Amino acid sequence: TLRMMAGALCTVLTLLALGKAPEQCLTRDSPWFCHDLDCPHYEVVTDIVDDVELRAYDAGMWVSTNLTGMDYDEAVRTGFMRLFSYISGANQERQRIEMTAPVRVDMTPGAGPFCEDHFQVSFYVPNHLQDDPPLPLSKDVFLDPAPATSYYVLSYGGRTNEKEIVDKATDLVQLLNDADLPYEFTSFYHAGYDSPFRLFNRHNEVWIKAL
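Reference entry: report on the structure contained in this document. On a predicted model such as this, the values are computed, not experimentally measured, just so you know. (Residues numbered from 1 in each chain as written. Predicted model: local features only at pLDDT ≥ 70, side-chain atom pairs only at ≥ 80, totals over all residues. Heavy atoms only, no water.)

Here helix α2 (residues 72-87) is 16 residues long and its end C-alpha atoms lie 22 Å apart, about the 22 Å a rise of 1.5 Å per residue gives. Every buried residue of α2 is listed here: Tyr-72, Ala-75, Val-76, Gly-79, Leu-83, Tyr-86 and Ile-87. Axial view of α2: buried residues confined to an arc of 95°, hence all on one face. Along α2, the residues that are exposed and aim more than 90 degrees away from the buried face are Arg-77 and Met-81. (Helix = DSSP H or I, 4+ residues; strand = E, 2+ residues; numbered from the N terminus. Expected span 1.5 Å × (residues − 1). Buried < 20%, exposed > 50% of the residue type's maximum accessible area, 1.4 Å probe, protein only. Arc of directions from axis to C-beta.)

Our focus in this paragraph is the sheet that holds strand β5 (residues 118-124). Here 9 strands make up an open sheet; going across it, the order is β1-β2-β7-β9-β8-β4-β5-β3-β6 and the pairing antiparallel. Single-partner strands in this sheet number two, and they are β1 (42-49) and β6 (142-146). Put simply, the sheet's adjacent strands are angled 30° from each other on average, direction ignored. Helix-sheet contacts for α2 involve β3 (60-68), β4 (103-108), β5, β6 and β8 (183-192), and the interaxial angle to β5 is about 35°. (Pairing = 2+ DSSP bridges. Axes fitted to C-alpha atoms, helices over the stretch in contact; angles between N-to-C directions. Contact = heavy atoms within 4.5 Å.)

Right, let's get into the packing of aromatic side chains. For the structure shown, the criterion picks out 14 aromatic pairs. An angle of 80° between the planes, with centres 5.6 Å apart, marks the rings of Trp-32 and Phe-33 as edge-to-face. On the basis of an interplanar angle of 10° and a centroid distance of 6.0 Å, the ring pair of Phe-80 and Phe-84 is categorised as stacked. Placement of both Phe-80 and Phe-84 in helix α2 is noted, with a separation of 4 residues, approximately one turn of the helix. With a relative accessible area of 28%, Phe-80 lands in the partly exposed category. Through a chain of ring-to-ring contacts, the aromatic side chains of Tyr-42, Tyr-57, Tyr-151, Tyr-189 and Trp-207 assemble into a single cluster. (Phe/Tyr/Trp six-rings, centres within 6.5 Å; stacked < 30°, edge-to-face > 60°.)

Function-wise, these values are silent; they only describe arrangement.
Below is the structure:
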């Protein structure tokens, strides 16, 4: 593919000049559901059951925005547009940045029935900008380095919504409890990999932090 050829050319030219390949030239195969977009790199530690696995994610840079006082759909729409503005040039370098996957949503339920839920919407920073991403111009958008972390991940297809995401997270917690696997559940992630225009082979994930 063009991506593979470009990666190979980058490596060859840099090897001739420097004697080694820089990090931005190193390529890794992405899962099919990334659809040739840059994705955070992980290794599968173990398959637990069908559609549930333990993944070890590398440290990586994300760009994020926090939202509260709104429901899931409104939070995702608002957060997406803030981040889309950043990658469209609302950054200190006025740089247009390619889209990546997934759109990650950190969901923190309110502490009681009258407490607001909190959301954090994030885009993964493209691989070639991981070490030096441009700073956002908006006070509502910030660079968000994530340490290397392991997550239990439940995957499912189709279009999704807040109720289904919460139901899937509940199912995953029940599975982890039944298997006596340690986890942290102060919040959890939904990861969506598809634009609204993709009709088939849609992919969603729920992530819960492993201990």
